Amino acid sequence: MYIYYTVTLPNGYAWINGVIFRGTYEYSAPLPKFNDLGVASPLLIQLPNGTLMMTWFAVPHGNYGLNNLTVILQGSVLEPNGTWGGPVFNITNNGVALSVTSDGKYLYIIWEPELNLNYTNTELLVTSLTGQLITAMQLPNATALNGALNGNVAIQLLNGTYAVVNVFSRNIEPYIGYSDVGFVNGLFYAFSNDTLTIVNGTSKIEIQTPSEAYAWPSIINGKLLVIAYRPSTLSIYAWNGTALLSINNYTMPNFVIAKPTYSNGFIYITTLTRVMNNSDPTADLWNIILYASSIMPSAPTVSATIPPPSSYLYLRVIAPSYADWMIYSDASDNWYANYTGVGSVVFGPAYVGGPGTTVMFNVTGLGNCPSPSITYEPSNTLSLGYGPNYETVIINCEPMMNVALNITSGGGIIAIINEPGLGQRQLILNGPTTENLELPINTTITIYTWPYTGYTLSGIYVNGTEINYVMNMYGAYVYKVMVNSNQIIMINFNAK
């Protein structure tokens, strides 16, 4: 069980520490290779292959004021040996990242181009887990995120209200009068006036809580628990299908937040309380509550599976392994996305809109792809139906060939390389040397060869066959080669 948290260093900067729990034993946790002025707000994400990833906010080294503060989002992946040995990578590179959450598929980020305490320029960014931008939308007054699921993200606004935004359809559903709204463990929940509403796919239950100020559901070892708080008291309940069963109560003054997690027979509840310290009024105290799940009252198993929406999209790109590309897609409901990659890639599912939504696809960028041809199947315009929808983009390029230029001692060459669809470039080589090239088929190479003083050209060979050449007015031996297969070009010089 990994738990990471923010601390304040003696110099006033924020930093991240962590602990590992194995049962009731506590150990120091490894840390990523932080390399910034300050780091804060760690978020652990379990990747589809079970590996842990951490994101955090970082202030790069520099001199800052409110007018030029930069806060970026960074990430790292836990290595199989239990260390954060991989490189730290940037998910955002500029501006101010304010909040982040994830559903294990995407990262959802509240971001603004520069610090604005009025939150008038905030945007919601959606990226891949490696930071590739998928879509973005203007979302003024957004201040924090509270969980996400399948493209739906819970957002807290500046006025204290909540909304759920579908980042692909751009639909915004307001929740006014609720003290908390969010996603957790595959469940949607909303709490208002002692009523906790939980939505699990198409099923919805409403649980009456005993005069609590806040309440959150959680799936712990397949059971539905409710963590609730009223002034100075944190309570744990189990839902038996008809009523809440009290498990335990804890005295917790100045409580701020609680996050439950299950591992190996124990429930770990991480709580944050505000320490009333005159010398440091912002000091926080993290507490870990351990509870043996074996003494929980009997409660039915709850499925956290959410059925997919009525319509969703898969994009398949088929391209040579050496070709890089960008595909822009937009829909009739104002959804849009930029897809980038190298070679063949499959994206999805994307929740673009309901049946009848029209989606268009356009290859807007290509690299390392001579003489390209592009095919859209079934076409570059797709009308979504119920269930899964598939679009395939096929990118064909001229095949690539391996060409080796071998030059012996005694001379040099200038090679003019004309690649179809990619233009002309020049290569200068002096022997003895070997240059390996990867060129598209039908590339033309014009080679100008000069022997050094005291040497003569004894022969030019392509795949072992001697070829003819001519001498120009400048004393260079000139010959042209058409690349139509893998080739070895040998230029031999001999001493006179």
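Higher on the page you've got the structure.
Scoring rules and cut-offs
Residues numbered from 1 in each chain as written. Predicted model: local features only at pLDDT ≥ 70, side-chain atom pairs only at ≥ 80, totals over all residues. Heavy atoms only, no water. Helix = DSSP H or I, 4+ residues; strand = E, 2+ residues; numbered from the N terminus. Contact = heavy atoms within 4.5 Å. Pairing = 2+ DSSP bridges. Axes fitted to C-alpha atoms, helices over the stretch in contact; angles between N-to-C directions. Disulfide = S-S within 2.5 Å. Buried < 20%, exposed > 50% of the residue type's maximum accessible area, 1.4 Å probe, protein only.

Quick word on the environment of Pro32
Alright, step 1. Structurally, Pro32 is set in the loop between β3 (25–28) and β4 (38–46).
Alright, step 2. The contacts of Pro32, once residues within four sequence positions are left out, are Met54, Trp56, Ser76 and Trp84.

Structural notes on the sheet that holds strand β27 (residues 311–318)
Alright, step 1. Within the open sheet, the four strands sit side by side as β30-β27-β34-β32. Their pairing is mixed. Lying at the two open borders of the sheet, with one neighbouring strand each, are β30 (345–350) and β32 (373–377). The average angle at which neighbouring strand axes cross in this sheet is 15 degrees, direction not considered.
Alright, step 2. The pairing of β27 with β30 spans four bridges and is classified as antiparallel. The partner of Arg316 across the bridge, within β30, is Val346.

Considering unusual backbone geometry
Alright, step 1. With an omega of 5 degrees, the peptide bond running from Glu377 to Pro378 counts as cis.
Alright, step 2. Of note in this structure, Ser41 is not a glycine but carries a positive phi near 55 degrees.
Alright, step 3. Examined against the element boundaries, Ser41 turns out to sit in strand β4.
Alright, step 4. With phi around 75 degrees, Asn141 is a residue other than glycine that occupies positive phi space.
Alright, step 5. Tracing the backbone shows Asn141 in the loop between β11 (133–138) and β12 (142–149).

Some thoughts on the sheet that holds strand β22 (residues 233–239)
Across a sheet, paired strands are connected by hydrogen bonds in the backbone, their directions being either parallel or antiparallel.
Alright, step 1. Strand order across the open sheet formed by four strands is β20-β21-β22-β23, with antiparallel pairing between neighbours. What marks the edges here is a single partner per strand, and that holds for β20 (214–220) and β23 (244–251). Across the sheet, the mean angle from the axis of one strand to that of its neighbour is 20 degrees, orientation sign disregarded.

A few points about the state of the cysteines
Alright, step 1. Inspection of every chain in the model, using the stated rule, returns one disulfide.
Alright, step 2. Here Cys369 connects covalently by a disulfide to Cys397, the sulfurs 1.9 Å from one another. Because the sign of the S-S torsion sets the handedness, a value of about -95 degrees for the bond joining Cys369 and Cys397 places this disulfide among the left-handed ones. Of this pair, Cys369 sits in the loop between β31 (358–367) and β32 while Cys397 sits in the loop between β34 (387–396) and β35 (400–407), placing them 28 residues apart in sequence. Note on accessibility: Cys369 and Cys397 belong to one class, buried.

Some details on the pairing of β31
Alright, step 1. Where strand β28 (residues 324–331) lies against β31, eight bridges are found, and the strand directions are antiparallel. Within β31, the position partnered with Ile327 by the bridge is Val363.
Alright, step 2. In the sheet, β31 pairs with strand β33 (residues 381–383) via three bridges, with the strands oriented antiparallel. Bridge pairing in β33 links Met360 to Thr381.

Take it as geometry only, folks, not as evidence of what the structure does.
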